[in-house]
Amino acid sequence: MRKLSRLVPAAVLGLSLFAASNGEAGIKGALTPLKPVPSRGQLAWHDMEMYAFVHFTINTFTGKEWGYGDEKPELFNPSDFDAEDLVKTLADAGFKGVVLTCKHHDGFCLWPTRTTKHSVASSPWKQGKGDVVKDVSRACRKYGLRFGVYLSPWDRNASSYGSPEYIRMYREQLKELSTGYGPLFLAWFDGANGGDGYYGGSREKRSIDRSTYYQWKTTWGELKKRQPNVVIFSDVGPDARWVGNESGYAGYPCWATYTPVPLQAGTEPAPGTVRYQLGTEGTVDGKYWIPAEVDVSIRPGWFWHEHENARVRTPENLLKLYFDSVGRGANLNLNVPPDRRGRIHEEDKKSLAGFRALLNELYSRNFAAGARAGSSSSWKGHGAEQVLDRKRATYWAAAPGDKNPSLVLKLPEPAAFDVIRLAEPIQLGQRVRRFRVDVRENGQFVKWLEGSSIGARVLLKGRPVTTDEVRVVVEESRDIPALCEVSLWKYPVILNAPSVNYDRDGRVTLASADGVVTRYTTDGTEPGPQSAVYREPFLLPAGGTVKAVGEYRGKTSAVTTQVIPVPTRDWKVMAGERGAAAPELAIDGNPSTLWHTHAAGGEIAPPQALEIDMGRPVNVSAVIYTPRRDSARGTIDQYAVYLSPDGKNWGTPAAEGEFSNIRANPVPQRIDLKAPVKARYLRFVGKRVVEGSHVVVAELGVLEK
C-alpha cells in the first residue's frame, strides 16, 4: 500500500499546513493535541458557522450563469445599489461574513483593477468611479461581518488566458484584493478552469493543466504573506474544502480531517482535478485539517433571474440546510444574489427573515442549562460540568483508563426536547469516532440517538422526549475523548408549505399534512383567505403557475410556487435515436426514466436531436431541459432549440447556448426565448455533453405564454 503522503504532494498542500499541525500543547493541565489540528484562522472560521455568498456581476444583467467573456461593460449598471442594505440584511439573518464574487468566469472585475479595462471602471455605474468591493467591505466593517473574496481562476475575457502572462495578471488581481480592502477571512477558489471563451476576440477553446498551470503553492503562498489568517477554500483546501455538491448538505459522518486524492495517480491534487466526491464525508484520521464548506444558493441558480423570484427557498428549507451543514460540523455558505437594482430581492429578504426567526426559536431555550453534570471519570480538573458553558476552552475529558467513558446531565426538572448539540474542543483534534445518547424513561436509560463524527459541532434531531436525565456514551474514540458542549433544544414547530406535483396529462396534485387547509391560485396571484380550497386534483390543459399555501390553527405556511409546463400527453416523437433507449422516455413525465444514446454496442456521440410534434400550435416562451441527477455522464451543456409550424422548415435556432455549471448543479434548465414563437414542432439538439460521449435527456418541456 502506498503511503498517503505520496497522494498529496507538498507542492499543493504544504502551504499553511504547518499551522494546522501546531496545537495548544504546553498549557498546564491541557490534553496533548492529536494532530492534525486547526490553525488560528481555521478556529475562527469554525466559530462563524454561517456566511453568505454574493454572486453579483455582469451575469446579473444578461440572465446567464456563466458569461462568455464578450459582454460589454456598459451592461453593468445597477439602478439602486446599496451595499449597506445588502450587508445589513445578511447580518440580520444571522450570517457572520460575506464572500463577494469580485470576478466570475466572464472576467468582469467589480473593482477598478489596474490589470484590465474589463471592469466597473468601464461601466456607466457611478460614471465609472464605482467600486463594489470597497462598498461591500466597508459595509461589512460597519455591521460587524467579516469579508471574503472569490476571484475566478478562469477568465473567458482575458486574451492571455492559458499563458504565463495571465498568471502574472491573476496574481496581481489577487494582490489588489488582498492589500486594498482590509482583512480577509476567506479566499474562495473553484475548479472551473478552461474551455470555450472570448479570450480577447479569439473565440476559441483553451485548455490548461489544472494541476500545474496556476502554480497554486506560489499563488496561495503570496496571499498568505499578505493575509496570514485567511482561510483558503478549494477542492483541496488547504484550509477548507468543497463538500462535493451544490445541493446543500454535508455527509454524515463529516470528518474535519481530509486527504485529497488526485484524479490520476502520480499527479498533484488541485482545484478541478481531485476526487471531489470524497469531500462529502472527508477522511477519518485524514492527514490534514481541511473541514468542509457547504455552498448552496437560496435560488435554483447562482445569479439573480427574474423567473426564479417565486422559487426562493423557504425558511423551513433553509433550516433543513442548516442542520444538514452546520449541524454536521461543516460551515454553511449560502448564496444570496442581488437583483438588477443591486438589492436583495424582497422574496429573498422575506425568506431570510423567516429563517432567522426559526433559528431564534430553536435556540430560545437550552434545556441543559442549570443541569448537574457527572461522568464515569474525568482527567486533571476537566470535569463534566465544563460542557455546560458551551465554550471550547473548557471541556470534559475522560480519564485515560476509562474503557466506557460517559457523561450524565441531571436536568433541574423534566423537560421536553428533540435536539441535542455536541461539540469537541477541536484545538485538541477530532477524537470521537462513535457515540450514543441515552435518555431516562420509566426509571431506566434507553437509547435515543447515535452518531459518529462530532468535531466543531453536531446537531442531531430525534424523537420528542420528556426526561430529566441524559447520558452521552463515547463508544469509540481516538485516544482520550473530550467534549466541550452538551446542550438540549427543541426544534421549531413548522407548518410546511404544500407540495405541488403534476403529470404529463396536466393533472395537478397538492399535498399537505393531515388537518391542514390548502388554498391555491392558478392566475399567478398570491393565495389568501379568499382563494380556492384544494379538495381534489385539477387539470391545467395549457400549463400555468400554481401557488399554494397551508393554513392550520391560525398559522400560515410559506407559499409554494410551481410553474407547470404544457402537458406532454399528446406529444409524439417524430425523430430521435432509438438504438439505446426509446425517445418517448424524454416526454413521459417521469424524470427518473432517461432517453439516452449509450447503446449496448457503444456510445452514440453528440450532436443528437429530438424532433417532437406537440399536437397543436403552442405559443412557446421557454423550453425546459431536465438533466439526470444520478451522474454527469451524458448531461448536455451545449444546446440548440428549433421551432417549426410544419416540422419541415426549421430555419435558424430559436435559442442556442450553454448550460453553465450544470455538472455541479444539475437542476432543470430553463431556456427563455427572446420572444414567444408560435409552433407545433420542437427540435431539441444536444450539441455537447460534460462527460462521456453520449446524450441523456430526463425530460423535455415547454412553457406557453
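Worth saying up front: this structure is predicted, and the values here are computed from it rather than measured. (Residues numbered from 1 in each chain as written. Predicted model: local features only at pLDDT ≥ 70, side-chain atom pairs only at ≥ 80, totals over all residues. Heavy atoms only, no water.)

1. Thoughts on the overall build of the protein chain
Piece 1. Check the secondary structure of the protein chain and you find 10 helices and 38 strands.
Piece 2. Computed over its C-alpha atoms, the radius of gyration of the protein chain comes to 27 Å, within 12% of the 27 Å expected for a compact globule of 705 residues.
Piece 3. By residue count, 57% of the 705 residues in the protein chain fall in the buried class.
Piece 4. A total accessible area of about 28,500 Å² is found for the protein chain, and carbon and sulfur atoms account for 48% of it.
Piece 5. Between the centroid of the 91 positive side chains of the protein chain and the centroid of its 79 negative side chains there is a distance of 4 Å. (Helix = DSSP H or I, 4+ residues; strand = E, 2+ residues; numbered from the N terminus. Rg over C-alpha atoms; globule rule 2.2 N^0.38 Å. Buried < 20%, exposed > 50% of the residue type's maximum accessible area, 1.4 Å probe, protein only. Areas by Shrake-Rupley, 256 points an atom, 1.4 Å probe, with all protein chains shown as cover. Lys, Arg positive; Asp, Glu negative; His and termini not counted. Charge placed at Lys NZ, Arg CZ, Asp CG, Glu CD.)

2. Structural notes on the pairing of strand β20 (residues 485–489)
Piece 1. For β20, the buried fraction is high: 5 of the 5 residues fall into the buried class.
Piece 2. By the alternation rule, side chains of β20 split into E485, S487 and W489 and V486 and L488, which are all buried.
Piece 3. Inspection of the sheet shows strand β15 (residues 406–423) paired to β20 by 5 bridges, in the antiparallel sense. Residue pairing in the sheet places L422 in a bridge with V486 of β20. (Pairing = 2+ DSSP bridges.)

3. Comments concerning the packing of helix α5 (residues 83–92) against helix α6 (residues 132–143)
Piece 1. Remark: α5 packs on α6, axes separated minimally by 8 Å, with the N-to-C direction vectors making an angle of 45°. In terms of orientation, α5 lies oblique with respect to α6. The two elements α5 and α6 cross, and the hand of that crossing is right-handed. Here A83, E84, V87, K88 and A91 of α5 lie close against α6, whose contacting residues are D135, V136, A139, C140, K142 and Y143.
Piece 2. Considered class by class, the residues forming the contact of α5 with α6 number 7 nonpolar, no polar and 4 charged. (Axes fitted to C-alpha atoms, helices over the stretch in contact; angles between N-to-C directions. Parallel < 35°, antiparallel > 145°, perpendicular 65-115°, else oblique. Left-handed = near helix turned anticlockwise from the far one by under 90°. Contact = heavy atoms within 4.5 Å. Nonpolar A, V, L, I, M, F, W, Y, C, P; charged D, E, K, R; others polar.)

4. Overview of the sheet that holds strand β12 (residues 331–335)
In a beta sheet, neighbouring strands are held together by backbone hydrogen bonds and run either parallel or antiparallel to one another.
Piece 1. The 8 strands lie next to each other as β1-β2-β3-β4-β7-β8-β11-β12, forming a closed barrel whose pairing is parallel. With direction set aside, neighbouring strand axes in the sheet form an average angle of 25°.
Piece 2. Summarising the sheet, strand β1 (residues 50–54) and strand β2 (residues 97–103) pair through 3 bridges and their orientation is parallel. The partner of A52 across the bridge, within β2, is V98.
Piece 3. Contacting β2 and β3 (146–151), helix α7 (residues 164–180) runs over the sheet at an angle of about 170° to β3.

5. Remarks on helix α3 (residues 40–48)
Piece 1. Within α3 the residues assigned to the buried category are G41, Q42, L43, W45, H46 and M48.
Piece 2. Following α3 by one or two positions, E49 has its phi on the positive side, about 65°.

6. Some points on the side chain of Q386
Piece 1. Structurally, the position occupied by Q386 is in the loop between β13 (372–375) and β14 (396–397).
Piece 2. With a relative accessible area of 16%, Q386 lands in the buried category.
Piece 3. A distance of 2.6 Å separates a polar side-chain atom of Q386 from the backbone oxygen of G381.
Piece 4. Non-local contacts of Q386, meaning those with residues more than four positions away in its chain, are made with G381, T394, Y395, W396 and C484. (Polar contact = N/O pair within 3.5 Å; in protein donor to acceptor, adjacent residues only side chain to side chain.)

7. Section: the packing of aromatic side chains
Two aromatic rings, taken as a pair, are described by how far apart their centres are and by the angle between their planes.
Piece 1. Within the structure shown, the criterion is met by 39 aromatic pairs.
Piece 2. Taking 4.6 Å as the distance between ring centres and 10° as the angle between the ring planes, the aromatic pair formed by Y520 and F538 counts as stacked. One end of the pair, Y520, is in strand β23 (residues 517–521); the other, F538, is in strand β25 (residues 538–539), with 18 residues separating them in the sequence.
Piece 3. Site record: aromatic cluster; members linked through ring pairs are Y161, Y166, Y170, F189, Y199, Y213, Y214, W216 and W220.
Piece 4. Looking at K461, its charged tip hangs above the ring of Y491, at a distance of 5.1 Å from the centre.
Piece 5. Stacked on the ring of Y642, the Lys or Arg R683 has its end atom at 5.4 Å from the ring centre. (Phe/Tyr/Trp six-rings, centres within 6.5 Å; stacked < 30°, edge-to-face > 60°. Lys NZ or Arg CZ within 6 Å of the ring centre and 35° of its normal.)

8. Brief notes about the side chain of E308
Piece 1. Looking at the element boundaries, E308 is found in the loop between β11 (292–297) and α9 (315–325).
Piece 2. It is R299 that comes nearest to the buried, bridge-free E308 among opposite-charge side chains, at 4.7 Å.
Piece 3. Filtering out sequence-adjacent residues up to four positions away, E308 remains in contact with R299, P300, G301 and F303. (Salt bridge = Lys/Arg side-chain N within 4 Å of Asp/Glu carboxyl O.)

9. Concerning helix α10 (residues 346–362)
Piece 1. For α10, spanning 17 residues, the distance from its first C-alpha to its last is 24 Å, which sits close to the expected 24 Å at 1.5 Å a residue.
Piece 2. Burial in α10 covers these residues: D348, S351, L352, F355, L358, L359 and L362. Down the axis of α10, the buried side of the element spans an arc of 120°, and every buried residue falls inside it.
Piece 3. For α10, the secondary structure elements touched by its buried residues are β1, α5, α9, β12 and β20. (Expected span 1.5 Å × (residues − 1). Arc of directions from axis to C-beta.)

10. A few points about unusual backbone geometry
Piece 1. Look at the link from K35 to P36: it is a cis peptide, with omega at 5°.
Piece 2. Of note, P36 is situated in the loop between α2 (17–20) and α3.
Piece 3. The residue after P606, namely P607, is reached through a cis peptide bond having omega 5°.
Piece 4. Here P607 shows up in the loop between β32 (602–603) and β33 (608–626).

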